[in-house]
Amino acid sequence: MERLIESGSRLFCILFIGLASATLARADAGVTYHGRLLKPNGEPVTSSAVHFRVQIRTPISTNCLMYEETQVKDLSASNGTFSLVLNDGSAAVPNGEPFTLDRVFQNRGTFSFGVGKCSMGNSYEPGPFDGRVLAVSFNDGDFGGWEPLPSQAISFVPTALEA
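A. Focus on the packing of aromatic side chains. Summed over the entire model, instances satisfying the criterion amount to seven aromatic pairs. Ring centres of Phe52 and Phe82 lie 4.5 Å apart, and the angle between their planes is 35°; on these two criteria the pair is classed as tilted. Pair noted here: Phe52 is in strand E5 (residues 50-57) and Phe82 is in strand E7 (residues 81-85), with a separation of 30 residues, a long-range link. Each member of the pair, Phe52 together with Phe82, is buried. Centroid distance Phe52 to Phe138: 6.4 Å. Interplanar angle 40°. Geometry classified as tilted. Placement of the pair is Phe52 in strand E5 and Phe138 in strand E10 (residues 132-139), with a sequence separation of 86 residues. With respect to burial, Phe52 and Phe138 carry one shared label: buried. Lying across the ring of Phe111, Arg103 places its NZ or CZ 3.9 Å from the centre.

See below:
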């Protein structure tokens with residue numbers, strides 16, 4: 001899969017973006033996100049300290065921040081390819097949100113959020129088939145701020161987390 005991402009004056013190409021949910025029975029298992037970062041000229045990003053901010057959010061209608069962690073990856077020898085695994089203990093800044101990764105994917109109960117965590121309201125009651133949104137942004141040190149990648153839908157999978 002190839003995607004072109006344009007934000008401001010920077011253009012990045014992401015190749016092979018995959019998303020898979022691992023079994024959360026193990027404490028160190030989580031969501032895996034793979035990709036490749038390319039500069040506007042087609043050359044791979046080869047920074048030794050690329051910061052990735054990974055967020056899991058409620059569906060777009062409420063857009064509440066449920067989970068967030070920051071990871072730092074060395075892409076100097078990977079030709080721009082990276083792999084991020086949430087909740088595996090490698091985060092430079094671990095999840096500071098009130099929900100654990102397994103709770104984030106449960107479609108029961110009501111989630112309450114602090115001020116500024118949602119684009120609308122401050123609570124979310126998931127429907128039985130609601131998915132989530134994975135939002136990833138990065139900073140390779142060549143510019144100020146975070147460069148967002150396209151959001152990815154995480155579809156509901158019955159009994160995957162509750163079995």
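B. Seen up close, the state of the cysteines. A full pass over the atoms with the stated rule returns one disulfide. Two residues, Cys64 and Cys118, share a disulfide whose sulfurs are 2.0 Å apart. Looking along the S-S bond of the Cys64-Cys118 disulfide, the torsion reads about 115°, which is the right-handed sense. Taken as a pair, Cys64 in the loop between E5 and strand E6 (65-73) and Cys118 in the loop between strand E8 (111-112) and strand E9 (123-124) lie far apart in primary sequence, 54 residues in all. Overall, the relative accessible area of 14% leaves Cys118 in the buried class.

C. Quick peek at unusual backbone geometry. Non-glycine residue Asn79 carries a positive phi angle of around 60°. Its identity is not glycine, yet Asn87 carries a phi of approximately 70°, on the positive side. Note that Asn87 resides in the loop between E7 and helix H1 (101-104).

D. Looking closely at the pairing of strand E4 (residues 31-38). Most of E4 is tucked away, with seven of its eight residues classed as buried. Here E4 pairs with E7 via five bridges, running antiparallel. Within the sheet, the bridge partner assigned to Thr32 lies in E7 and is Val85.

E. Representation of the pattern of salt bridges in the model. Under the criterion given, the structure shown has one salt bridge. One salt bridge connects Lys117 with Glu97, and the closest N-O pair in it is separated by 3.1 Å. Highlighted residues: Lys117 in the loop between E8 and E9 and Glu97 in the loop between E7 and H1, separated in sequence by 20 residues. Here Lys117 falls in the partly exposed class, since its relative accessible area comes to 29%.

F. How the structure looks around the environment of Thr100. When you line up the elements, Thr100 lands in the loop between E7 and H1. The exposure class assigned to Thr100 is partly exposed, which follows from its relative accessible area of 46%. Residues Thr100 and Met66 lie 34 residues apart in sequence; the distance between their C-alpha atoms is 8.6 Å. Looking at Thr100, its side chain comes within polar contact range of the side chain of Asp102, at 2.4 Å.

About the thresholds
- Residues numbered from 1 in each chain as written.
- Predicted model: local features only at pLDDT ≥ 70, side-chain atom pairs only at ≥ 80, totals over all residues.
- Heavy atoms only, no water.
- Phe/Tyr/Trp six-rings, centres within 6.5 Å; stacked < 30°, edge-to-face > 60°.
- Helix = DSSP H or I, 4+ residues; strand = E, 2+ residues; numbered from the N terminus.
- Buried < 20%, exposed > 50% of the residue type's maximum accessible area, 1.4 Å probe, protein only.
- Lys NZ or Arg CZ within 6 Å of the ring centre and 35° of its normal.
- Disulfide = S-S within 2.5 Å.
- Pairing = 2+ DSSP bridges.
- Salt bridge = Lys/Arg side-chain N within 4 Å of Asp/Glu carboxyl O.
- Polar contact = N/O pair within 3.5 Å; in protein donor to acceptor, adjacent residues only side chain to side chain.

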